[in-house]
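This is what each chain is made of:
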Amino acid sequence: MAFAPGKVILLGEHAVVYGRTALACALDRGITATAERSARTHLRLEPWGLSITPFERGDDHADITLATEALLAAYGFGEPVSLFVSAQIPAGNGLGCSAAIAVALVRALDELTGAAHTADEIADLSLAWERVFHGTPSGIDTTIASRGGLGLFRTGEGFSPILARHPLTLVVASSGTTSSTKTMVEHVATQHARNPERVERAMESIDALARNASLAVEHGRLAELGALMDLNHSLLASLMLSTERLETLRGIAREHGALGSKLTGAGGGGALVALAVDDETARAIEVALKADGSEAFVVKVGAP
Ligand code: MEV
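About the criteria used
Residues numbered from 1 in each chain as written. Predicted model: local features only at pLDDT ≥ 70, side-chain atom pairs only at ≥ 80, totals over all residues. Heavy atoms only, no water. Helix = DSSP H or I, 4+ residues; strand = E, 2+ residues; numbered from the N terminus. Buried < 20%, exposed > 50% of the residue type's maximum accessible area, 1.4 Å probe, protein only. Near = heavy atom within 4 Å. Polar contact = N/O pair within 3.5 Å; in protein donor to acceptor, adjacent residues only side chain to side chain. Nonpolar A, V, L, I, M, F, W, Y, C, P; charged D, E, K, R; others polar. Pairing = 2+ DSSP bridges. Axes fitted to C-alpha atoms, helices over the stretch in contact; angles between N-to-C directions. Parallel < 35°, antiparallel > 145°, perpendicular 65-115°, else oblique. Left-handed = near helix turned anticlockwise from the far one by under 90°. Contact = heavy atoms within 4.5 Å. Core = buried A, V, L, I, M, F, W, Y, C linked by side-chain atoms within 4.5 Å.

*Asks:* Run through unusual backbone geometry, naming residues and quoting values.
*Replies:* Non-glycine residue His14 carries a positive phi angle of around 70°. Mapping His14 onto the fold places it in the loop between strand E1 (2-11) and strand E2 (22-37). Residue class for His14 comes out buried when judged on its relative accessible area of 5%. Although it is not a glycine, Met240 sits at a positive phi angle of roughly 60°. Among the secondary structure elements, Met240 is positioned in the loop between helix H7 (222-238) and helix H8 (244-255).

Now the structure itself:
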């Protein structure tokens with residue numbers, strides 16, 4: 001059984017697509033996958049009740065079919081294989097579900113073939129899958145899914161792990177609507193085409209916030225990290241990536257003691273991440289968000 005974690009971007013989504021720095025960490029939950037030789041190639045995605053047969057698709061040009069074919073081709077796996085995926089994270093919530101599926105599948109293929117790809121090789125292979133769902137992935141999702149941990153990512157430079165002075169206690173809450181990363185990235189690209197200076201300025205500011213946030217994490221300055229997350233959210237909202245529901249969830253998190261919060265991932269729905277000073281506050285935020293109908297969970301990241 002192969003595993004790959006989901007991720008949460010603490011600061012820097014979208015800016016990372018424009019070559020800037022993002023701060024992200026792996027979750028303690030994600031995707032498990034298995035691969036077995038079989039008579040025909042088959043992928044079952046258990047949580048969504050989806051079953052597909054790549055290479056026999058007839059008129060099936062669904063992204064998931066194309067992505068499976070692209071992944072198997074990139075891996076160089078030419079024999080029929082039965083793939084099975086189960087998930088402990090929701091899809092379309094900005095928690096890196098798609099990248100974690102790809103990484104878990106590559107690891108499952110490695111278990112089957114006895115190959116031992118490095119984390120960087122696994123992330124690269126997984127991009128074949130990601131490109132089908134979103135044309136210009138920065139690579140942050142596949143990198144975190146393959147490397148795990150907490151750190152800074154920049155396309156071309158890769159991942160630099162950082163050591164948190166204190167583990168971070170986060171509350172992750174679903175806004176109840178999913179969004180397509182591809183659509184949201186295109187939404188920003190349209191604004192960039194219209195007004196490149198404005199969007200570049202926003203991305204440059206987000207880069208500075210992410211770098212400062214990384215120092216705040218290393219030095220255990222939680223209040224500062226929360227404030228930086230709030231500022232990052234405002235910049236993302238200025239790019240029209242927030243929603244009314246995300247703003248409501250932010251209000252609830254703030255009322256119950258969050259040090260800061262922001263949308264995480266592509267936005268336009270998806271999830272909120274809030275920073276709590278301790279476990280008790282995190283529980284209070286989680287309970288309040290759940291009472292408002294949101295699926296929420298507490299996660300600790302950056303523990304040694
Ligand atoms: C998606 O998790 C993060 C985005 O920045 C897209 C990407 O980096 O490829 C929105």
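Resuming the write-up.
*Asks:* Tell me what's going on with the site of the ligand, and back it up with residues and numbers.
*Replies:* Lys7, His14, His134, Ser138 and Asp141 are the nearest of the 13 residues found near the ligand. Between an oxygen atom of the ligand and a main-chain N or O atom of His14, the distance comes to 2.9 Å. His134 places a polar side-chain atom, nitrogen or oxygen, 2.9 Å from an oxygen atom of the ligand. Looking at the shell around the ligand, the elements with two or more residues in it are E1 and helix H4 (140-147). Split into classes, the residues belonging to the shell around the ligand amount to six nonpolar, four polar and three charged.

*Asks:* Let's hear about the pairing of strand E10 (residues 271-276): which residues, and what values?
*Replies:* Burial analysis of E10 places six of its six residues in the buried class, the great majority of the element. Here E10 shows two buried faces, one formed by Ala271, Val273 and Leu275 and the other by Leu272, Ala274 and Ala276. Across six bridges, the pairing between strand E8 (residues 168-174) and E10 is antiparallel. Its bridge partner lying in E10, Thr169 is registered against Ala276. Across five bridges, strand E9 (residues 260-264) lies against E10 in antiparallel orientation. Bridge pairing links Ser261 to Ala274 in E10. Counting the residues in the hairpin turn of E9 and E10 gives six residues, including Gly265, whose phi is positive at 95°.

*Asks:* For the packing of helix H3 (residues 119-133) against H4, give the residues involved together with the corresponding values.
*Replies:* It is the contact of H3 with H4, at a shortest axis distance of 8 Å, that shows an interaxial angle of 140°. Here H3 lies oblique to H4, going by the angle between them. In this structure, the crossing between H3 and H4 has a hand that is right-handed. Two secondary-structure elements touch here, H3 through Ala119, Asp120, Ile122, Ala123, Ser126, Leu127 and Glu130 and H4 through Asp141, Thr142, Thr143, Ser146 and Arg147.

*Asks:* Which residues make up the nonpolar core, and what are the values?
*Replies:* Ranked by internal contacts, the top residues of the largest apolar core, which has 61 residues, are Leu11, Leu23, Leu105, Leu168, Leu170 and Leu225. With 10 residues, the single largest contributor to this core is helix H2 (residues 97-113). Setting aside residues up to four positions removed in sequence, Leu23 forms contacts with Ile9, Leu10, Leu11, Leu150, Gly151, Leu152, Ile162, Ala210, Ala213, Ser214 and Val217. Core analysis: the next-biggest nonpolar cluster, separate from the first, contains 28 residues, Leu236, Leu272, Ala282 and Leu289 among them.

*Asks:* Account for the side chain of Lys7, with residues named and values stated.
*Replies:* Among the structural elements, Lys7 can be located in strand E1. Separated by 3.3 Å, the side chains of Lys7 and Asp141 make a polar contact. What Lys7 contacts, discounting residues up to four positions off in sequence, is Cys25, Ala26, Leu27, Gly94, Leu95, Gly96, Asp141 and Ile144.

*Asks:* Break down the side chain of Glu69 for me, with residues and values.
*Replies:* Within the secondary structure, Glu69 is located in helix H1 (residues 63-75). Classification of Glu69 as buried rests on a relative accessible area of 12%. Only 2.8 Å separates the side chain of Glu69 from the backbone nitrogen of Phe55, close enough to count as a polar contact.

*Asks:* Run through the packing of helix H6 (residues 196-218) against H7, naming residues and quoting values.
*Replies:* Between H6 and H7, whose axes approach to 9 Å, the crossing angle comes to 165°. For the element pair H6 / H7, the angle class is roughly antiparallel. In this structure, H6 meets H7 at a crossing whose hand is left-handed. Of H7, the residues touching H6 (which contributes Arg198, Ala202, Ser205, Ile206, Leu209, Asn212, Ala213, Ala216 and Val217) are Glu224, Leu225, Leu228, Leu231, Asn232, Leu235, Leu236 and Ser238. The residue makeup of the contact of H6 with H7, split by class, is 11 nonpolar, four polar and two charged.

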